[in-house]
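Given next are the chains, with one letter for each unit.
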Amino acid sequence: MSVPGGSIQLDQVSGRSTARAGLARYVVAATLARSADGGAVVAIVLLVTTSGAPGWLAGALGACITAPHLFGPLIARRLDTARDGRTVIALACMAHGVTLAAAVLLYPFTWSIVPGLLLIASGLVGPLLTGGISSRLPAIAGSDRTSQRRAQGWDVATYGIGGTIGPSLVAAVSAWANPAVAALILAGSTFVAAAMVRRLPYSPPSASPSEVPRPGRTLLMMVSNGPLRRTLYLTVVVALSVAALPITAVASTGELHVEPAAAGVLTAAYGLGGLLGSAGVMIRPLRTDADPLMTWLGAAVGVALCGAAFAGVFPAAVAAFLFAGVLNSYFFAATLAARSEYAPAEARGQVFVWIGALKITAGSAGTALVGAIIAPATQLPLFLAAGLIAVAVSASVLDRRGADPTTEVQPEELQS
């Protein structure tokens, strides 16, 4: 005798099991890919400096793999036009690994321009390993917003774990063997990531290739779409601002009356806070609409930066850095939700990559700016960063109030 509704319940259980398995594979793939992307620049800089080459060459080759991220959106359209986006990301992972390995192996035997060009090629596909992989998450996490938000917490965690594992692996392997071996291990991990990406659930293209906008048109669409515009400039400003924390940690140890090595405790507190924040999103997913949520979480990050600037003793500074990490993870999860919920289906991949590439560029620019202005006053960069966030938050509030409600896109409209 059949039970009424039994087949529906079995289908729901099967669907949840498939989603969990897909999310698990996603976490492994994203962590491996982002570890390789985050650790590559450290490996290259160590490789060059330990070979006895001048510091300017180490910086130049390191920039060869980071600066091209800005041009990643020019190739991201393929994510939205491909019959199977998993193939595009898997090929990008392998291209990153091959070019990184080739640059490392050829460095001792060729002119520096050769590994430089290879690293530029590696950097060009880097955004597909960050924002590109994130664009696959909506199709994996399930259709309801709670599942999406919980999965975005996992995504934030992969960025934090990858950003920690990659450089840590390079440091450990370089001490045990040499930086070249560390870089080759990172390159090999991209092939494992590619295999895991290919095992993610398939999702058909959302539009025909002729309906997918070009990169420039996609950027114009983002600027003209209120929620995406606010996502774009809030993401860039906060990324540029929190880049002040690691350098300030190193520079402020004297004022905090601790040993220089204690700067590692401050940066570790910030990283731990990021992981705690992502865990908080997983346990209790964000429920507010992403657009206003980004504004208030961005403001909270600015307050945390002020707290880090005012902390006059080491324990207070540790707490402020931890709190900043927690809030930044929540803010990051809100921006992922905004990209997913407000981006049109035919350009979702490009939106993820555009914002991810500009975020990385802003973080690099923030690090350079802080290094240039920190000498006169150690805490000055944090105050300036908090002020910049305050300007962006105020702009987003005014932007939302002045928007025409008949033209603002709502998440329910995009999901229907």
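Conventions adopted
Residues numbered from 1 in each chain as written. Predicted model: local features only at pLDDT ≥ 70, side-chain atom pairs only at ≥ 80, totals over all residues. Heavy atoms only, no water. Helix = DSSP H or I, 4+ residues; strand = E, 2+ residues; numbered from the N terminus. Rg over C-alpha atoms; globule rule 2.2 N^0.38 Å. Buried < 20%, exposed > 50% of the residue type's maximum accessible area, 1.4 Å probe, protein only. Contact = heavy atoms within 4.5 Å. Areas by Shrake-Rupley, 256 points an atom, 1.4 Å probe, with all protein chains shown as cover. Lys, Arg positive; Asp, Glu negative; His and termini not counted. Charge placed at Lys NZ, Arg CZ, Asp CG, Glu CD. Core = buried A, V, L, I, M, F, W, Y, C linked by side-chain atoms within 4.5 Å. pLDDT = per-residue confidence, 0-100. Salt bridge = Lys/Arg side-chain N within 4 Å of Asp/Glu carboxyl O. Arc of directions from axis to C-beta. Axes fitted to C-alpha atoms, helices over the stretch in contact; angles between N-to-C directions. Parallel < 35°, antiparallel > 145°, perpendicular 65-115°, else oblique. Left-handed = near helix turned anticlockwise from the far one by under 90°. Nonpolar A, V, L, I, M, F, W, Y, C, P; charged D, E, K, R; others polar. Phe/Tyr/Trp six-rings, centres within 6.5 Å; stacked < 30°, edge-to-face > 60°. Lys NZ or Arg CZ within 6 Å of the ring centre and 35° of its normal. Expected span 1.5 Å × (residues − 1). Polar contact = N/O pair within 3.5 Å; in protein donor to acceptor, adjacent residues only side chain to side chain. Patch = residues over 30% accessible without salt bridge, like charges linked within 9 Å, V, L, I, M, F, W, Y side chains within 5 Å.

1. Some remarks on the overall build of the chain
Next up, step 1: Across its full length, the chain holds 18 helices and zero strands.
Next up, step 2: Over its C-alpha trace the chain gives a radius of gyration of 22 Å, about what one expects of a compact globule, namely 22 Å for 416 residues.
Next up, step 3: Overall, the chain is about 75 × 50 × 45 Å in size when its C-alpha atoms are taken along their principal axes.
Next up, step 4: For the chain, the proportion of its 416 residues judged to be buried stands at 51%.
Next up, step 5: Contacts in the chain between residues at least 24 apart in sequence constitute 85% of all its contacts with a sequence separation of at least 6.
Next up, step 6: Total accessible area on the chain is roughly 17900 Å²; 69% of this is exposed by carbon and sulfur atoms.
Next up, step 7: Computed over 25 positive and 18 negative side-chain charges, the inter-centroid distance for the chain is 6 Å.

2. Comments concerning the nonpolar core
Where a protein is soluble and globular, its nonpolar side chains tend to be buried together.
Next up, step 1: If you look at the biggest cluster of nonpolar residues, it comprises 57 residues, and the most contacted ones within it are L245 and F321.
Next up, step 2: Listed by contribution, the elements that provide at least two residues to this core are α11 (226–242), α12 (244–251), α13 (263–283), α14 (290–310), α15 (314–342), α16 (348–373) and α17 (380–401).
Next up, step 3: With 14 residues, α15 is the largest single contributor of residues to this core.
Next up, step 4: Those residues in contact with F321 that sit more than four places away from it in its chain are L245, A249, L266, A269, Y270 and A308.

3. Considerations on the confidence of the model for the chain
Next up, step 1: Put simply, the chain has an average pLDDT of 85, and 92% of its residues get 70 or more.
Next up, step 2: Across residues 7–15, where pLDDT falls below 50, the model places zero contacts with residues more than four positions away in sequence or in other chains.
Next up, step 3: Of the regions scoring below 50 in pLDDT, residues 410–416 engages in 11 contacts with residues more than four places distant in sequence or in other chains.

4. Quick word on the pattern of salt bridges
Next up, step 1: Within this structure, the stated rule accounts for nine salt bridges.
Next up, step 2: A salt bridge links R86 to D84, with the shortest nitrogen-to-oxygen separation between them at 2.8 Å. Like D84, R86 is buried.
Next up, step 3: Close ionic contact of D84 with R198 constitutes a salt bridge, the shortest N to O distance being 3.1 Å. Here R198 lies in helix α9 (residues 179–198) and D84 lies in the loop between α3 (73–81) and α4 (85–106), a separation of 114 residues in the sequence.
Next up, step 4: Accessibility expressed as a relative area gives 14% for D84, which makes it buried.
Next up, step 5: Among the residues examined, R198 registers a relative accessible area of 37% and is labelled partly exposed.

5. A closer look at α12
Next up, step 1: All of the buried residues in α12 are A244, L245, T248 and A249. Buried residues of α12, seen end-on, are gathered within an arc of 130° and therefore sit on one face of the element.
Next up, step 2: In the core, the buried residues of α12 are packed alongside α11, α13, α14, α15, α16 and α17.

6. A word on the packing of helix α8 (residues 145–176) against α15
Next up, step 1: Interhelical geometry of α8 versus α15 gives an angle of 125° and a closest axis separation of 9 Å. Our classification of the angle between α8 and α15 gives oblique. Our pair here, α8 against α15, has a crossing hand that is right-handed. Along its contact with α8, which presents R145, Q148, R149, Q152, D155, V156 and Y159, the element α15 presents S329, F332, A333, L336, A337, S340 and E341.
Next up, step 2: Class assignment of the residues belonging to the contact of α8 with α15 gives a composition of six nonpolar, four polar and four charged.

7. Here we look at the packing of aromatic side chains
Next up, step 1: In the structure shown here, the tally under the stated rule is two aromatic pairs.
Next up, step 2: When the centroid spacing of 4.9 Å and the interplanar angle of 70° are considered together, the rings of Y159 and F332 count as edge-to-face. With a gap of 173 residues between them, Y159 in helix α8 and F332 in helix α15 connect regions that are remote in the sequence.
Next up, step 3: When its relative accessible area of 21% is taken as the criterion, Y159 is described as partly exposed.
Next up, step 4: Between F310 and F383 the ring centres are 5.2 Å apart and the planes differ by 75°, which places this aromatic pair in the edge-to-face class. Placement of the pair is F310 in helix α14 and F383 in helix α17, with a sequence separation of 73 residues.
Next up, step 5: Positioned above the aromatic ring of Y159, the side-chain terminus of R34 is 3.8 Å from the ring centre.
Next up, step 6: Over the face of the ring belonging to F332 we find K359, whose NZ or CZ atom lies 3.4 Å from the ring centre.

8. Re α9
In an α-helix, one full turn covers 3.6 residues, which means residues spaced three or four apart are oriented alike.
Next up, step 1: With 20 residues, α9 ought to run about 28 Å at 1.5 Å a step, and its terminal C-alpha atoms sit 29 Å apart, in line with that.
Next up, step 2: Within α9, burial applies to P179, A180, A182, A183, L186, A187, S189, T190, A193, A194, M196 and V197.
Next up, step 3: A side-chain oxygen of the first residue of α9 lies 3.0 Å from the backbone nitrogen of A180; this N-cap is N178.

9. Description of the side chain of S241
Next up, step 1: Mapping S241 onto the fold places it in helix α11.
Next up, step 2: A distance of 3.4 Å separates the side chain of S241 from the backbone oxygen of A385, its partner in a polar contact.
Next up, step 3: The residues touching S241, leaving out its near neighbours within four places in the chain, are L305, A385, L388 and I389.

10. Details of a nonpolar patch on the surface
Next up, step 1: On the surface, L70, F71, L74, I75, L106, W111, I113, V114, L117, I120 and L124 cluster together into a nonpolar patch covering about 1000 Å² of accessible area.
Next up, step 2: Mapped by element, the contributors of at least two residues to the nonpolar patch are α3 and α5 (113–124).
Next up, step 3: With five residues, the top contributor of residues to the nonpolar patch is α5.

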